[in-house]
Amino acid sequence: MSFRARHLLGIQHLAPDEIKAVLDLADKYVDLNRRSIKKSDALAGMTQINMFFENSTRTQASFELAGKRLGADVMNMSVAQSSVKKGETLIDTALTLNAMHPDLLVVRHGASGAVNLLAEKVNCAVLNAGDGRHEHPTQALLDALTIRRAKGRIQRLTVAICGDVAHSRVARSNLILLGKMENRVRLVAPPTLMPAGVAEFGCEVFDDMRKGLEGADVVMMLRLQKERMDGGFIPSEREYYHRYGLDAEKLSHAKPDAIVMHPGPMNRGVEIDGEIADDINRSVIQEQVEMGVAVRMACMDLLARNLRAERGAKATGVMV
Amino acid sequence: MTIFLQNARIIDPEAGTETIGNLILDGGIIAAIGAAAAPKGAQVIDCGGKCVAPGIVDIGVKIGEPGERHRESFRSAGLAAAAGGVTTIVARPDTKPAIDTPEVLEFVTRRAAEAPVRIHHMAALTKGREGREMVEISFMLDAGALAFTDVDHVVTDTKVLGRALTYARSLGALVIGHPQDPGLSKGAAVTSGKFASLLGLPGVHPMAERIGLDRDLGMVEMTGVRYHADQITCARSLPALTRAKRNGLDVTAGVSIHHLTLNDLDVGDYRSFFKFTPPLRPEEDRLAVVEAVASGLIDIICSMHTPADEESKRLPFEEAAAGAIALETFLPAAMRLYHAGAMDLPGLFRAMALNPAKRLGLPQGRMAEGAPADLVLFDPDAPFMLDRSKLQSKSKNTPFDGQRMEGRVIATFVAGRQVFGEGNAHA
């Protein structure tokens, strides 16, 4: 078995063969999800808790559906309005949940590294559903699956990641994944939204979007994260749209068959023109949502297998 | 009580020498250096060729009194200091409330009596460290304040700062600044760069320190105040410091032992025990700052001892408290610089004992007849694994937990009296 991880905290910790294992299994789940009976027993008897310290509709729904289709008992904790408000620390919350013996813990948190911290304190498998500006591994995996299905491969492609790179965990995870799979990654953003030292990551950096899109196979747009900004990164949304919003003219600089991606939710007319987003010949944004469920099923399935193996080994006294 | 230290490797930071010899401690002072025989009735301690140096004078120790005694008390800090060879603690005023009135200063002075080492106090420069009104500098000087500082709160209003510095200058008071541009460093948890971006943590550019230093040096030039920069941690701050000293400003600079021995990569997987103010710097900066200490451009090494309880550290990195305890690990950490060949022992004790004492007008830090018998006996080569649970501080937030260290304190003497040590030293 080539997927060895105990938790899915970030793409950083995955090897290329592990990424491939997720994508291969996810392909199978795409087929399952398109059937009329969408049920597997991969997680039968297991408990999955979704703990979202930051509000999310799409990702939480995707994880919930993934768990249910695999036969897990799924519980959603709306932590945003619970004991955390009463002053309980993240670690206490984790320990409390751990005492309920969950098997899979899906966590989103506003602080970078918070999910890593939590994973140290629990006995179950932890999936990072996004931590601060750090990582969002299932998003990068679903993007990779979408690209692989559209382009027939996830190697030797030119991928332009455009927009609010500084505040984006999606950009970080994608940058790492695409680099590991040997693609050419370009980052396109105004300099105020480009993180420091990013050129050392082995990618090309552009502040001119047209140049950045030149010859790209994939154009990945990012949401302008207004809620993470503490003011004054860009002069205005309309100037941002003028220089960095993806419209037909800017897209014409990419390859004629380039696909357009967006992790959602979109700010139409800010980072992407509505017509481009809806163009079924170019946009794979809806496919990304579909791949999301399949990829999350694959990740949870693989983690559950490792968890069972570990527990089985413990029960029989075998060292793993 | 007379103590005879025989067969000691005597470290003299003033002369820059190491010599094997004997010492007589009597009446609280170093009575003789190089004496051949023990005076009658003296307690004889055989140092076995190990090092004896002036005890460390540590500028900038946070003690939790008043307000946070559960993190550190004068007694626990004093025990930690004694175990670490720190014979003089100069305590910070970033307490709750801040030490900003003579009354609070009198309170802490009384409380400090329970510590086995010498404790001096600094006072806030502005009331509540809020940067609006200067404290009663004259009264506070009379009450024993050695220096004035708002610690990591930068006085942003230069008019307020200018008045405080001018007033301080007229009284000859030493002001300690925290060179940091508050706008650039706001909300930062680490130094900006590739590593910060990878972790998704908010970073501050090293230029924030340079800008803060440039501003402070401008204010010093304007007012003529005696000024000490608490922590200079970046290569790009050094030319400004060189210039200021060459131009004859009354300026000195310090750096914490952590910035000399750790770098930004040590944060690793969000380890909050490696969170500092200012944050740890890249290796190039660390090396440049070590060189600046060795050359004397940076005058003082301090511990920036900052006790923090588990609750304030067991949080996501951005939310976790900054700072680390260091009184007890100061000397072993400094030995890393010695073993790496970056500095010799007299040079280290110049920066850890002689220079801080001189800057604060204290008689400590010298290895001379007549100087206070505040000494540390240590083995620079003794290896050990650091176990934070064994440290004396009430808080256990050390970045060196589980690490291999070299350099152990064998005994500590304050005013000629042994305050730490066992075995041979007790004989």
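Residues numbered from 1 in each chain as written. Chains lettered and ligands numbered in written order. Predicted model: local features only at pLDDT ≥ 70, side-chain atom pairs only at ≥ 80, totals over all residues. Heavy atoms only, no water.

(A) Just the overall build of chain A, in detail. Helix and strand counts for chain A come out as eleven helices and nine strands. The C-alpha atoms of chain A give a radius of gyration of 20 Å, which matches the 20 Å a tight globule of 320 residues would have. Along the first, second and third principal axes, the C-alpha atoms of chain A reach 60 × 45 × 40 Å. Looking at chain A as a whole, 59% of its 320 residues are labelled buried. The contacts in chain A between residues at least 6 apart in sequence include a share of 74% that link residues at least 24 apart. Total accessible area on chain A is roughly 13,200 Å²; 51% of this is exposed by carbon and sulfur atoms. (Helix = DSSP H or I, 4+ residues; strand = E, 2+ residues; numbered from the N terminus. Rg over C-alpha atoms; globule rule 2.2 N^0.38 Å. Buried < 20%, exposed > 50% of the residue type's maximum accessible area, 1.4 Å probe, protein only. Contact = heavy atoms within 4.5 Å. Areas by Shrake-Rupley, 256 points an atom, 1.4 Å probe, with all protein chains shown as cover.)

(B) View of the pairing of strand β18 (residues 417-421) of chain B. Residues and elements named next belong to chain B. Across four bridges, the pairing between strand β17 (residues 404-414) and β18 is antiparallel. Counterpart to Phe413 in the pairing with β18 is Gln418. The antiparallel pairing of β17 with β18 creates a hairpin that spans two residues between the two strands, and Ala415 there sits at a positive phi of about 50°. (Pairing = 2+ DSSP bridges.)

(C) Helix α3 (residues 90-98) of chain A, seen in detail. Residue and element names in this part refer to chain A. Those residues of α3 not exposed but buried are Leu90, Ile91, Thr93, Ala94, Leu97 and Asn98. The buried residues of α3 all sit within an arc of 160° when viewed along its axis, so they share a single face. Those residues of α3 that are buried lie in contact with β1 (47-52), β2 (73-77), β3 (104-109) and α4 (114-119). (Arc of directions from axis to C-beta.)

(D) Representation of the packing of aromatic side chains within the structure. All names here are of chain B. Overall, the coordinates contain two aromatic pairs over all chains when judged by the stated rule. The positively charged end of Lys275 is found above the aromatic ring belonging to Phe317, 5.6 Å away from the centroid. We note Arg408 situated over the ring of Phe384; from NZ or CZ to the ring centre the distance is 4.4 Å. (Phe/Tyr/Trp six-rings, centres within 6.5 Å; stacked < 30°, edge-to-face > 60°. Lys NZ or Arg CZ within 6 Å of the ring centre and 35° of its normal.)

(E) A look at the nonpolar core. Grouped together as the largest cluster of nonpolar side chains are 101 residues, with contacts concentrated most on Ile89, Leu348 and Phe349 of chain B. Ranked by the residues each element gives to this core, the list is headed by helix α12 (residues 330-339) of chain B, at six residues. Residues in contact with Leu348 of chain B, not counting those within four places in the same chain, are Ile301, Ala334, Met335, Leu337, Tyr338 and Met343 of chain B. With 93 residues, the next largest nonpolar core counts Tyr29, Ala42, Met181 and Ala254 of chain A among its residues. (Core = buried A, V, L, I, M, F, W, Y, C linked by side-chain atoms within 4.5 Å.)

(F) The arrangement of the interface of chain A and chain B in detail. In this assembly, 21 residues from chain A lie in contact with 17 residues from chain B. For the chain A and chain B pair, buried surface summed over both sides reaches about 1,600 Å², with 59% attributable to carbon and sulfur atoms. In terms of surface lost to chain B, no three residues of chain A exceed Ser112, Ala196 and Phe201 of chain A, which account for 27% of the buried area on that side. For the pair chain A and chain B, the interface holds zero salt bridges. Where chain A meets chain B, there are five residue pairs in polar contact (both at pLDDT 80 or more). Of all the secondary-structure elements, those providing two or more residues to the side of chain A that touches chain B are α3, α4 and α6 (169-180) of chain A. (Buried area = accessible area lost by both parts, 1.4 Å probe. Salt bridge = Lys/Arg side-chain N within 4 Å of Asp/Glu carboxyl O. Polar contact = N/O pair within 3.5 Å; in protein donor to acceptor, adjacent residues only side chain to side chain.)

(G) Focus on the packing of helix α5 (residues 137-151) of chain A against α6 of chain A. Residues and elements named next belong to chain A. Packing of α5 against α6 brings their axes to within 8 Å, and their N-to-C directions diverge by 55°. Here α5 is positioned oblique relative to α6, judged by the angle of their axes. As α5 runs across α6, the sense of the crossing is right-handed. On α6, the residues that touch Pro137, Gln139, Ala140, Leu141, Asp143, Ala144 and Ile147 of α5 are Val170, Ser173, Asn174, Leu177 and Leu178. Along the lines of polarity and charge, the residues of the contact of α5 with α6 split into eight nonpolar, three polar and one charged. (Axes fitted to C-alpha atoms, helices over the stretch in contact; angles between N-to-C directions. Parallel < 35°, antiparallel > 145°, perpendicular 65-115°, else oblique. Left-handed = near helix turned anticlockwise from the far one by under 90°. Nonpolar A, V, L, I, M, F, W, Y, C, P; charged D, E, K, R; others polar.)

(H) Local environment of the sheet that holds strand β4 (residues 125-131) of chain A. All names here are of chain A. The strand order β2-β1-β3-β4 describes an open sheet built from four strands, whose pairing is parallel. Every interior strand has two partners, whereas the edge strands, β2 and β4, have only one. Adjacent strand axes in the sheet meet at a mean angle of 15°, parallel and antiparallel pairs treated alike.

(I) Representation of the environment of Gly130 of chain A within the structure. Residues and elements named next belong to chain A. Relative to the helices and strands, Gly130 resides in strand β4. A C-alpha to C-alpha distance of 18 Å links Gly130 and Leu65, two positions 65 residues apart in sequence. Discounting residues that sit within four places of it in the chain, Gly130 has contacts with Val107, Arg108, His109, Glu135, His136 and Arg169.

(J) Structural context of the sheet that holds strand β7 (residues 86-91) of chain B. All names here are of chain B. Within the open sheet, the eight strands sit side by side as β6-β7-β8-β9-β10-β13-β14-β15. Their pairing is parallel. Edge positions in the sheet fall to β6 (56-61) and β15 (300-302), since each has one partner strand and no second. Across the sheet, the axes of successive neighbouring strands diverge by a mean angle of 30°, strand direction being ignored. With four bridges connecting them, strand β10 (residues 174-177) and strand β13 (residues 226-229) associate as parallel partners.

(K) View of the pairing of strand β9 (residues 145-149) of chain B. Residue and element names in this part refer to chain B. The buried count for β9 comes to five of five residues, which makes it a mostly enclosed element. Note that strand β8 (residues 118-123) and β9 share two bridges and pair parallel. Bridge pairing in β9 links His121 to Ala145. In this fold, the crossover linking β8 to β9 by way of helix α3 (residues 137-142) has right-handed handedness. Sheet topology note: the β9/β10 ladder contains two bridges and is parallel. Bridge pairing links Thr149 to Ile176 in β10. The parallel pair β9 and β10 is bridged by helix α4 (residues 158-170), and the resulting crossover is right-handed. (Right-handed = clockwise from strand over helix to strand, strands pointing away.)

(L) Expanded view of helix α10 (residues 283-295) of chain B. All names here are of chain B. Relative to the 18 Å expected for 13 residues at 1.5 Å per residue, α10 spans 18 Å between its end C-alpha atoms, a close match to the ideal helical length. Listed in full, the buried residues belonging to α10 are Asp285, Arg286, Val289, Val290, Ala292 and Val293. Taken end-on, α10 shows its buried residues confined to a sector of 160°, consistent with a single buried face. The exposed residues of α10 that point more than 90 degrees off its buried face are Glu284, Glu291 and Ser295. Check the buried side of α10 and you find it contacts α8 (238-246), β14 (251-256), α9 (257-261), β15, α12 and α13 (345-360). One or two steps after α10, the chain reaches Gly296, where phi turns positive at roughly 95°. (Expected span 1.5 Å × (residues − 1).)

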